[in-house]
Amino acid sequence: GAAADCSCFITSQAGLARLSGNALGFGGDLRFGKANGLAGADEICRQLAEVSMPGNAKTWRAFLSVTKGPDGSAVNAIDRVGEGPWYDRLGRVFAANKAALLSTRPQGIDSAIANDLPNEDGVPNHDPDSGIVANHNILTGSTQTETLDSQGLQATCQDWMDATSGGGKPRCGVSWPRSNLVHWISALNEGGCAPGATPPGADSGARGTVGALGGYGGFYCFALTP
């Protein structure tokens, strides 16, 4: 079934609010009780997948880059996610392989989701049951080639361990195209690393937050195996 095939999603705003215990989410600190931001973000992915797909038993990875991984060297998002193929919660094709991820929108993606990537429940991010929300900015810390952004710690909220307005201006892709912003991995820098979410009906949120320019601190999750 579709749930058995699901291997990628965006963390929903509701899911992040639930796990963080904060209506505004985690901001740029994704440690979630783990030793570092990547480990915490992976656990957030795992728990959200488990709620939507109980017993899926997959290994989930956050699509995030950092300046310093477990071995002290940089980690590129593209090296964390396996080889594909990837499907959304409803079984729709996201991408066949790594090469297909290296496009403005994933190459070969199902047309129904190409310009509105879905969350862990298969719901398009742009209109999550509550009306249109400016929630396109998705944290990656990455370039369009899915490697660590040159702004380093500033682009990654200090390797996803800082939830303050001064923690950086995290690099984001867009889950749905917004005027001239179209790249799903790397389109713009958000306004800061503090928790925040652009309110419904608004184009921007509180300054210095991950929701300053149309977002809520969401990120992409991929399963290591389809």
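Scroll up to find the structure this text is about.
Residues numbered from 1 in each chain as written. Predicted model: local features only at pLDDT ≥ 70, side-chain atom pairs only at ≥ 80, totals over all residues. Heavy atoms only, no water.

Asks: Just to check I follow, could you spell out the state of the cysteines for this structure?
Replies: Applying the stated rule across the entire model yields two disulfides. Put simply, Cys157 and Cys193 are joined by a disulfide, and their sulfur atoms are 2.0 Å apart. Between Cys157 and Cys193 the disulfide shows an S-S torsion of about -95 degrees. By sign, it is left-handed. With Cys157 in helix 5 (residues 157-160) and Cys193 in the loop between strand 7 (188-189) and strand 8 (215-223), this residue pair connects regions lying 36 residues apart in the sequence. Taking relative accessible area as the criterion, Cys193 reaches 0% and is therefore assigned buried. (Disulfide = S-S within 2.5 Å. Helix = DSSP H or I, 4+ residues; strand = E, 2+ residues; numbered from the N terminus. Buried < 20%, exposed > 50% of the residue type's maximum accessible area, 1.4 Å probe, protein only.)

Asks: Mind showing me how you'd approach the pairing of strand 8 here?
Replies: Each regular strand displays side chains that alternate between the two surfaces of the sheet. The buried count for strand 8 comes to nine of nine residues, which makes it a mostly enclosed element. In this structure, strand 1 (residues 8-10) lies alongside strand 8, joined through three bridges in antiparallel fashion. Within the sheet, the bridge partner assigned to Phe9 lies in strand 8 and is Cys221. Two strands pair when backbone bridges link them, and strand 2 (residues 60-62) and strand 8 are joined in this way by three bridges, in the antiparallel orientation. From the neighbouring strand, Arg61 faces strand 8, where its bridge partner is Phe222. Here strand 5 (residues 137-139) pairs with strand 8 via three bridges, running parallel. Bridge assignment links Asn137 to a residue of strand 8, and that residue is Gly215. (Pairing = 2+ DSSP bridges.)

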